Amino acid sequence: MELPLDHFRLIGVSPSATSEEILRAFQLRLDKTPDDGFTFEVLTQRAELLRLTADLLTNAENRKQYEDLVLNGASGLEFASNREVAGLILLWESGSPKEAFKLTRKALQPPQTPALGSSREADLTLLAALSSRDAAIKEQDQRCYSNAADFLQEGIQILQRMGKMGELRKNLEDDLSALLPYWILDLLSRDLVDIETHKKGVSMLTAYINKRGGLEGKNNFESIQTLDQKNFEVFFQQVKSFLTVNEQIDLFLNLQKKGSIEAGFLAFLALSAEGYAKKKPENLFEALKI
């Protein structure tokens, strides 16, 4: 397997690092072994890969040969099959969780699917979960909320398929739940020409509001990673501006039928606005009934 990684990134130093700095970084990486539950076997391979890189970069002749290869266009590092997982862990640690997740996901699929119950399967499954979460955080920091949600969903699906790591899966599910309002806002704030994306956003918004128990948040959602009432109202003021008047009318009337006084008042406003703007007296009569 070839990974988008060079020896400098692998060990965590700049290309101008001295031998002393490289050895110091090597020792630091050995001391900061990931304690997330990887097998002893793969952590031993990780240490060996770090050692090989440190040896190469602290040998003047070998380092010069490697730097010449890089200058001539060489990219990526090749890892033997028995060291692929360790290489993927180092790629994840180097600050490339998206690339690490995509390659890990591929390694879990046919024809590369590891043997059931093997240490390789356990390490890849764990790495898929951890890298999907870090990739989602990276996307969220860049306000790419839909991309962040995609990474979390894929990580959850892998853990569900493997039937492992229930606690870690719960963490990913909580992250996805907390991300939901931002994801909805991301979908709805896009150009209305993207009809399918907009419809998905409306559907998700409706489901989210119903889960909360309407606009008032009547359901007990303290155990759910979601917005409290005050923050929900701020969120809803933002998201409402991206709904068409007809979408608002449909949403508010449905919520009113479920007993929401707040939604009834908003339905009255939307119906009145639509009635006057488009000369629809039937909307005004419906508003009067409310």
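Every value quoted in this text rests on a predicted model; they were computed, and no experiment measured them. (Residues numbered from 1 in each chain as written. Predicted model: local features only at pLDDT ≥ 70, side-chain atom pairs only at ≥ 80, totals over all residues. Heavy atoms only, no water.)

*Asks:* So what exactly am I meant to see when it comes to helix H2 (residues 19-31) here?
*Replies:* Each turn of an α-helix holds 3.6 residues, which means side chains three or four residues apart point in the same direction. Between its terminal C-alpha atoms H2 stretches 18 Å, which fits the 18 Å expected from 13 residues at 1.5 Å a residue. Ile22, Ala25, Phe26 and Arg29 are the residues of H2 that are buried. Mapping the buried residues of H2 onto a view down its axis gives an arc of 105°, with all of them on the same face. In H2, the exposed positions angled more than 90 degrees off the buried face are occupied by Glu20, Arg24, Leu28 and Asp31. (Helix = DSSP H or I, 4+ residues; strand = E, 2+ residues; numbered from the N terminus. Expected span 1.5 Å × (residues − 1). Buried < 20%, exposed > 50% of the residue type's maximum accessible area, 1.4 Å probe, protein only. Arc of directions from axis to C-beta.)

*Asks:* Hey, could you run me through the packing of aromatic side chains in this one?
*Replies:* The geometry of two aromatic rings is summed up by the distance between their centres and the angle between their planes. For the structure on display, the rule yields ten aromatic pairs. Between the aromatic rings of Tyr145 and Tyr182, the centroid separation amounts to 5.4 Å while the plane-to-plane angle is 35°, which identifies the pairing as tilted. Of this pair, Tyr145 sits in helix H8 (residues 145-162) while Tyr182 is found in helix H9 (residues 166-188), placing the two residues 37 residues apart along the sequence. The class of Tyr182 is partly exposed, set by a relative accessible area of 38%. Their ring planes at 20° and their centres at 5.9 Å tell us that Phe232 and Phe236 sit as a pair that is stacked. In this pair, Phe232 and Phe236 both sit in helix H11 (residues 229-240), four residues apart, roughly one turn of the helix. Overall, Phe232 belongs to the buried group, its relative accessible area being 1%. Connected via pairs of aromatic rings, a cluster forms that spans Tyr208, Phe232, Phe235, Phe236 and Phe252. Cation over ring: Arg212 sits above Phe232, and NZ or CZ is 3.8 Å from the ring centre. (Phe/Tyr/Trp six-rings, centres within 6.5 Å; stacked < 30°, edge-to-face > 60°. Lys NZ or Arg CZ within 6 Å of the ring centre and 35° of its normal.)

*Asks:* Where do I start with the layout of surface pockets in this structure?
*Replies:* Over the atoms a probe the size of a water molecule is rolled, and this reveals where empty space is left. Taken as a whole, the second largest pocket encloses approximately 180 Å³ of empty space. Per-element accounting of the lining of the second largest pocket gives the leading share, five residues, to helix H4 (residues 60-71). Split into classes, the residues belonging to the lining of the second largest pocket amount to nine nonpolar, two polar and two charged. (1 Å grid on protein atoms, 1.4 Å probe; cavity = no way out; pocket = protein on both sides within 12 Å on 5 of 7 lines; lining within 4 Å. Points joined across faces, edges and corners; volume = space filled by probe spheres on them. Nonpolar A, V, L, I, M, F, W, Y, C, P; charged D, E, K, R; others polar.)

*Asks:* Teacher, can you tell me more about the side chain of Glu274 here?
*Replies:* With respect to the helices and strands, Glu274 occurs in helix H13 (residues 261-277). Residues within four places of Glu274 in sequence aside, it is in contact with Val245, Asn246, Ile249, Lys279, Lys280 and Asn283. (Contact = heavy atoms within 4.5 Å.)

*Asks:* Any chance you could explain unusual backbone geometry here in plain terms?
*Replies:* Excluding glycine, residues mostly carry a negative phi; peptide bonds, for their part, are mostly trans. Here the bond from Pro110 into Pro111 is cis, since omega is 0°, no more than 30 degrees from zero. Structurally, Pro111 is set in the loop between helix H6 (97-107) and helix H7 (119-141). With a phi close to 60°, Arg143 is a non-glycine residue in the positive phi region. For Arg143, a relative accessible area of 64% corresponds to the exposed category. Despite not being glycine, Lys279 has its phi angle at roughly 55°, a positive value. With respect to the helices, strands and loops of the structure, Lys279 is situated in the loop between H13 and helix H14 (281-289). Residue classification places Lys279 among the exposed residues on the basis of a relative accessible area of 72%.

*Asks:* Help me understand the pattern of salt bridges, please; the structure alone is not making it clear to me.
*Replies:* For side chains of opposite charge, pairing can occur when their charged atoms come near one another. Counted by the stated rule, this structure contains 14 salt bridges. For Arg63, the salt bridge goes to Glu67, with nearest N and O atoms at 3.1 Å. Taken as a pair, Arg63 and Glu67 lie in helix H4 at a separation of four residues, close to a single helical turn. Among the ionic pairs, Glu154 bridges to Arg105, the shortest N-O distance being 2.2 Å. Pair noted here: Glu154 is in helix H8 and Arg105 is in helix H6, with a separation of 49 residues, a long-range link. With relative accessibility at 24%, the residue Glu154 sits in the partly exposed group. Assessed through its relative accessible area of 25%, Arg105 is described here as partly exposed. Counted as one network, the salt bridges with shared partners bring together Arg29, Arg46 and Glu93. (Salt bridge = Lys/Arg side-chain N within 4 Å of Asp/Glu carboxyl O.)

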